[in-house]
Every structure is written in structure tokens, then in C-alpha cells.
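# Survey of secondary and tertiary structure
What follows is each chain in one-letter form.
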Amino acid sequence: MSQPVAIVTGAASGIGLAIATHLHSLSYRVVIADLNPTTGLAAAHSLDPSSKSATFIQCDVSSYRAQALLFKQAFDWGGGRLDFCHANAGVDDRQLLYDGEEKEELDEEGLVKRLNTKTMEVNLEAVIQGLWLFKYYVRRSKGAGAGKGKFVATSSSAGLYFMTTNPQYTASKYGVIGLVRSSGPVFVKENITVNCICPGFIPTNLCPPEILKIWPKEHITPVSTAVKAIDAFLGDDQMTGQVVELSLGELYFRQMVPWANESQEWIGTKSLDIWEKAYAEVPVKNGYGSGEGEVNAESEVNGKIEKED
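The model shown is predicted, which means the values in this text are computed figures rather than measured ones.

What counts, and at which threshold
Residues numbered from 1 in each chain as written. Predicted model: local features only at pLDDT ≥ 70, side-chain atom pairs only at ≥ 80, totals over all residues. Heavy atoms only, no water. Pairing = 2+ DSSP bridges. Helix = DSSP H or I, 4+ residues; strand = E, 2+ residues; numbered from the N terminus. Axes fitted to C-alpha atoms, helices over the stretch in contact; angles between N-to-C directions. Contact = heavy atoms within 4.5 Å. Buried < 20%, exposed > 50% of the residue type's maximum accessible area, 1.4 Å probe, protein only. Arc of directions from axis to C-beta. Polar contact = N/O pair within 3.5 Å; in protein donor to acceptor, adjacent residues only side chain to side chain. Right-handed = clockwise from strand over helix to strand, strands pointing away.

The subject of this paragraph is the sheet that holds strand S5 (residues 149-154). In space, the 8 strands of this open sheet follow the order S3-S2-S1-S4-S5-S6-S7-S8, with mixed pairing throughout. Each edge of the open sheet carries a strand with a single partner, namely strand S3 (54-58) and strand S8 (250-254). Adjacent strand axes in the sheet meet at a mean angle of 20 degrees when their direction is disregarded. Direction of pairing for strand S6 (residues 192-199) relative to strand S7 (residues 243-247): parallel, over a ladder of 4 bridges. Residue pairing for S7: Ile 197 is matched across the bridge by Val 244. Along the sheet face, helix H4 (residues 118-139) touches strand S4 (84-87), S5 and S6 and points at about 170 degrees away from the line of S5. Against the sheet, helix H5 (residues 167-187) contacts S5, S6, S7 and S8, and its axis sits at roughly 155 degrees relative to S6.

Structure below.
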């Protein structure tokens, strides 16, 4: 009987390494995916020097091609099987939204240069693409767990509250929660569960060293709490769409905010059939929407908006 196969991104250290190590102890064959080849290779070697049950694949998850190659290589290495994925790779804000005038630059056309949104690409876009790739390979898996899969994403307590120092990070982590809550109930119909963890302060390489020196120990969440959450997901094939906050040694299953009124509850729970009919055949949309008279992104010329024909 073949062993289950797992991919963990950002697995060369911190939460990712702890989860990869735990899965390996549960007899998973584990793919350590990380941008850093030095620490990534060392992590995989520490689990299995022979690379038979643990291997390293370098990957920049912000590149769709790199992530697509990761999944294909992992699937092939696993003997045509993929059972688990933890989309854990993350970065903080690469450029501050609050940058002062001295950092506000113009390009050769006199336009304000684009804000660096690498944070959104790694923390949210890569998670969405990772789920897209995961379901493809789960559907084509062979072996004892064929057609079943568990997808876990790392959000953050900043996705439940906010973090003023990193607004892009906060936005990306809110996005992960929305992705999990909306897609989880759908994917479970084909035996794929989708959940996320929202860690409190767990010291990782993402944290600036200056912070670690002064952070109060009573407000540090151990990485073992993340492992506890993974075990909860592994132990329940119907647990999906769940947002689990990790604080100190406890798991908190966080629910959506209450409906504002009966109308909002009806829209959120009873109107799904209407939406499914509307999206049964999605029309081609040239612009940002489908309404009559809406404009295309390329229709703005010299500051004037031209209506599409």
C-alpha cells in the first residue's frame, strides 16, 4: 500500500517545518517546498537522507509556473498520488502603503510607480492557485486515498483582527479566510476539505529579530498548537471551511460574524440556487463587469472615458 503524499510550502523553517516533520512522523511522504535551497535541503535531509520519504523542491510560490512545476514534480515523486497540501509560505509587506514623500517615485511618463504587492502574490494569490492545482492532482490520484484530499492554508490572527504596520499582510490574510469559508463547503462534496489556521505570535523567520528580543514570553504561541490544529483536520474528513485561531496552547474555531438582519441571512443562505443558475454559463466579460455601458480598462485615453460599443 502506497504512503500518503503531502506538500508543505514555506517548509524550510518555522510552522512549515514543524508541520512537515509531524506529517512525516505519521508516515506521510513529504515534499519540503521553499525558496531557500540551503535550509530546504537541510530540512528534507533531516527527515530522510535518502530522499525516499522526504524531498526538497525549490519554489517561489508567487510564480504560477514554479508552483505548477512543484505540484507536478511532487505528484510524480509520490507515485501518482497527492493527499495533503499546506499552503504555508508567507511574507510581510515588501513596501509600506504609508511610505513618505521621499519614497514616492514617478516613472518616465510621470505616473506614480506601482506599489509592490508581492505580499498579496505570496500570501493570497499563491494560495488560490495552490488550491486550484491541488484539486487537479487529487482528482487524478491513485492508491488507498484516491480522490480524497486535505488542503490547509495559513492565515493569521491579523486576518481576524488587523495589523496596522502591515496592511497588505492583513488584507491577504482576510482573503485566505474568505477563500476557505466560501470554497470549503463546495469541495467537501468531492472529498476535498479546505481549512485554515490563524496563528497568534509564533516566532518564525518572518518576524524581525528586534521583535523577538523584546516580545513577552507570556504572549508567545508554541508551534505545537499549529500541529494540534493539523491533527484536528486530519482526524475529520467532513471538517471543512473552518477558520481556527491559534493562541497560546488553545484552538478557537472562529465563526463568521452574525447576519445583520433576515434579509442578509436570506441572501447568504437561500439565494445560492439563484446564483448557481446565473453562473451556470458565465458570459464573456470584456471589462470589469457585465453591465450595459461599462468600460474596459483600455478604454480610458488621455483622461477621457470612452463607452464600449
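That shown, we press on.
On to the environment of Val 30, then. Within the secondary structure, Val 30 sits in strand S2 (residues 29-34). The contacts of Val 30, once residues within four sequence positions are left out, are Ala 6, Ala 20, Leu 23, His 24, Ser 53, Ala 54, Thr 55 and Trp 77.

Those residues of helix H2 (residues 37-47) lying buried are Gly 40, Ala 43, Ala 44 and Leu 47. Projected down its long axis, H2 carries its buried residues within an arc of 95 degrees, all on one side. For H2, the exposed residues lying more than 90 degrees away from the buried face are Thr 38, Leu 41 and Ser 46. Near the N-terminus of H2, the side chain that reaches the backbone nitrogen of Thr 38, with its oxygen 2.9 Å away, is that of Asn 36.

The bulk of non-glycine residues show a negative phi, and the bulk of peptide bonds are trans. The backbone phi angle of Ser 27 is positive, close to 75 degrees, even though this residue is not glycine. The topology assignment puts Ser 27 in the loop between helix H1 (14-25) and S2. You will see that Leu 248, though not glycine, has its phi angle at about 55 degrees, which is positive. Relative to the helices and strands, Leu 248 resides in the loop between S7 and S8.

Secondary-structure assignment places Asn 195 in strand S6. Here Met 239 takes part through its backbone oxygen, which lies 2.9 Å from a polar atom of the side chain of Asn 195. Setting aside residues no more than four positions away along its own chain, Asn 195 makes contact with Phe 151, Val 152, Ala 153, Val 180, Phe 233, Met 239, Thr 240, Gly 241 and Gln 242.

Moving on: the pairing of S2. The side chains of a regular strand alternate between both faces of the sheet. Along S2, 6 of the 6 residues are buried, which leaves the element largely enclosed by surrounding structure. Burial along S2 is two-sided: the residues Arg 29, Val 31 and Ala 33 and Val 30, Ile 32 and Asp 34 are all buried. Here strand S1 (residues 5-9) runs beside S2; their pairing, made up of 5 bridges, is parallel. By the bridge assignment for S2, Val 8 is matched with Ile 32. Traced from S1 through H1 to S2, the parallel crossover comes out right-handed. As judged from the 5 bridges shared by S2 and S3, these two strands associate in the parallel manner. Across the sheet, the residue bridging to Ile 32 is Phe 56, located in S3.

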